[in-house]
Amino acid sequence: MQSMAPPQRYVERDNFRRVVCAAVLLVFLLCTLWTVTGCARPAAPPDQLDTGRRNGASECFPYAAPDRFYNDLFTRGDGGWTGGDGTRSVSLPDGRILWLFGDTFLGTVRPDRSRLHATPMVRNTFVVQSGDTLVTLHGGTGDSPQALVTPLEKGSWYWPSDGLVEGNRLLVFLPRFTATGPGMWDWRWSGTDIGTFSLPELRLVKITAAVAVNRVIYGAALLKDADAIYIYGVEDLQSAKHVHVAKAGSGRLEDAWEYWDGERWTVDPLASKRLFSGAALQFGVIKTGDRYVLITSDNRNPFDSAIVVYVSPSPTGPWSLRSLLYRPPEAKGDIVAYNALAHPHLSPRDRLLLSYKLNHIGDAVAVYRNADVYRPRFVLVDLKAVRYEP
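(A) Layout of the overall build of the protein. A count of helices and strands for the protein gives 3 helices and 26 strands. A buried classification covers 57% of the 390 residues belonging to the protein. Taking the intrachain contacts of the protein between residues at least 6 apart in sequence as the baseline, contacts between residues at least 24 apart amount to 55%. Accessible area of the protein: about 17100 Å², with a carbon and sulfur share of 54%.

Encoded structure:
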């Protein structure tokens, strides 16, 4: 039985001064360098786009601009969530936004943006947004916080993936991982569960096992389309990551799935075929017009921070890599950006809100020296930039 203790709640308000001038200066300097060395070609001609440069867009990516509201909202230090991995979002029926995080720092951040080494970190949390107010949900107590959801297996934990609302329930994919040693990369995937939470309370009701065969971690992205839910998964071979897809009926995620075998749908999960390679462990899939668009951090090369676009005429493919969408300016040296995700339900008209995470690839102490190393960043992209130019 999973822990059913009511979550602890911390209400945080955004009281930090904005640092827009410094951010714009950084983007300007970086893009000046990129202009000299060669910028990536936009996915659509700049003269056809409302570039929004007055809002912080760069010369290298004139169709993209940092989103000030969410970047400010998640620059926190006054209690509750102050940094985390994941950054999935789900719109709840009552108008709130639920953010799903994996490894999460709790507590406070000092004025110089450093953390005490005693700062607690838990394996997963929910953060509930109401306007500009965030409420952090975790297990344990305020003095001794724990993950919101914990597996039975000793030495294992959940890193939440995608989720959706079905009726009066929230269903969240919970990939399960197990430690294999003391190092920061010493862990392995050991299965996937689905957590069911009551609404509006967001109280854990039950845990059920999801399909876990062929080394495919399902729940990398979910897409509702017509009367179906498409469940994308990643076959993680470390050196290569291959995308798969399953399908459930709308409102029936817990029923038996069908799997794409390359030609048709089948009830046999072992028959699932690879769609393509190169996506991250989590990504976003949206439908725009009559095309399906998959947005991901580029995983064809280790620790590549580029955000790229794949396009397909159907949820099953064929998927074709179309363009470099954005290259996060914060990613340099050993600081990497990863797990780019789309948030279409939070996007203004003709724009798509994207998030990506930052981390240090080798120095575990870096996230204590600088709290801004380990938190999401947000950017708005003109939807014309994710459409179909070869």
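(B) Focus on the sheet that holds strand S21 (residues 291-297). The sheet built from 4 strands is open, its strands ordered S20-S21-S22-S23 with antiparallel pairing. Taken across any chain shown, the strands that pair with only one partner, and hence form the sheet edges, are strand S20 (284-288) and strand S23 (320-326). Between one strand and the next, the sheet's axes are offset by a mean angle of 30°, whatever the strand orientation.

(C) How the structure looks around the sheet that holds strand S25 (residues 351-360). The antiparallel open sheet is built from 4 strands, whose spatial order is S2-S26-S25-S24. The open sheet has two edge strands, strand S2 (64-66) and strand S24 (335-342), and neither has a second partner. For this sheet, the mean angle separating the axes of adjacent strands, direction not counted, is 30°. Sheet topology note: the S25/strand S26 (residues 376-382) ladder contains 7 bridges and is antiparallel. Bridge pairing links Ser355 to Phe378 in S26.

(D) Spotlight on a nonpolar patch on the surface. Taken together, the side chains of Met184, Trp185 and Phe303 make up a nonpolar region of the molecular surface, amounting to roughly 350 Å² of accessible area. Summarising the element assignment, Trp185 is placed in the loop between strand S11 (169-179) and strand S12 (187-198).

(E) Seen up close, unusual backbone geometry. Here the bond from Leu199 into Pro200 is cis, since omega is 10°, no more than 30 degrees from zero. Tracing the backbone shows Pro200 in the loop between S12 and strand S13 (204-209). The omega torsion of the bond from Gly317 to Pro318 falls at 5°, within 30 degrees of zero and hence cis. Mapped onto the secondary structure, Pro318 falls in the loop between strand S22 (307-312) and S23. One non-glycine residue, Asn339, adopts positive backbone phi at about 50°.

(F) Layout of the environment of Thr316. As for its placement among the helices and strands, Thr316 is situated in the loop between S22 and S23. Relative accessible area serves as the criterion here: at 14%, Thr316 is assigned to the buried category. On a C-alpha basis, the gap between Thr316 and His244 in space is 8.5 Å, while along the polypeptide they are 72 residues apart. With near-sequence residues (within four places) excluded, Thr316 lies in contact with Val245, Trp260, Trp265 and Leu275. A polar side-chain atom of Thr316 sits 3.1 Å from a polar atom in the side chain of Ser314.

(G) Just the packing of aromatic side chains, in detail. Considering all chains together, one arrives at 28 aromatic pairs under this definition. Pairing Phe105 with Tyr374 gives two aromatic rings, centres 5.9 Å apart and planes at 90°, and the pair type is edge-to-face. You can see Phe105 sitting in strand S4 (residues 97-108) and its partner Tyr374 sitting in the loop between helix H3 (366-369) and S26, a full 269 residues away along the chain. The class of Phe105 is buried, set by a relative accessible area of 2%.

(H) Structural detail: the nonpolar core. Formed by 52 residues in total, the largest nonpolar core has its most connected members in Tyr232, Phe283, Ile295, Trp319 and Leu354. Sorting elements by how many residues they give to this core places S24 first, with 6 residues. Within the second largest apolar cluster, 19 residues are counted, among which are Leu98, Leu148, Tyr158 and Leu170.

(I) Region of the structure containing the pattern of salt bridges. Under the definition given, this model contains 22 salt bridges. The salt bridge partner of Arg169 is Glu166, with a shortest N-O separation of 3.2 Å. The exposure class assigned to Glu166 is buried, which follows from its relative accessible area of 8%. Linking Arg264 and Glu263 is a salt bridge whose minimum nitrogen-to-oxygen distance equals 3.4 Å. On the basis of relative accessible area, Arg264 is assigned to the partly exposed category, the value being 48%.

(J) Focus on the environment of Gly139. Looking at the element boundaries, Gly139 is found in strand S7 (residues 133-140). For Gly139 and Thr150, which are 11 residues apart along the polypeptide, the C-alpha to C-alpha distance reads 8.9 Å.

(K) Region of interest: the pairing of S20. Taking burial as the measure, the 5 residues of S20 include 4 buried ones, the bulk of the element. Note that S20 and S21 share 5 bridges and pair antiparallel. Bridge pairing links Lys287 to Tyr292 in S21. Linkage of S20 to S21, two consecutive antiparallel strands, is achieved through a turn of 2 residues, within which Gly289 is found at a positive phi near 65°.

Procedures and definitions
Residues numbered from 1 in each chain as written. Predicted model: local features only at pLDDT ≥ 70, side-chain atom pairs only at ≥ 80, totals over all residues. Heavy atoms only, no water. Helix = DSSP H or I, 4+ residues; strand = E, 2+ residues; numbered from the N terminus. Buried < 20%, exposed > 50% of the residue type's maximum accessible area, 1.4 Å probe, protein only. Contact = heavy atoms within 4.5 Å. Areas by Shrake-Rupley, 256 points an atom, 1.4 Å probe, with all protein chains shown as cover. Pairing = 2+ DSSP bridges. Axes fitted to C-alpha atoms, helices over the stretch in contact; angles between N-to-C directions. Patch = residues over 30% accessible without salt bridge, like charges linked within 9 Å, V, L, I, M, F, W, Y side chains within 5 Å. Salt bridge = Lys/Arg side-chain N within 4 Å of Asp/Glu carboxyl O. Polar contact = N/O pair within 3.5 Å; in protein donor to acceptor, adjacent residues only side chain to side chain. Phe/Tyr/Trp six-rings, centres within 6.5 Å; stacked < 30°, edge-to-face > 60°. Core = buried A, V, L, I, M, F, W, Y, C linked by side-chain atoms within 4.5 Å.

Structural measurements only, silent on function.
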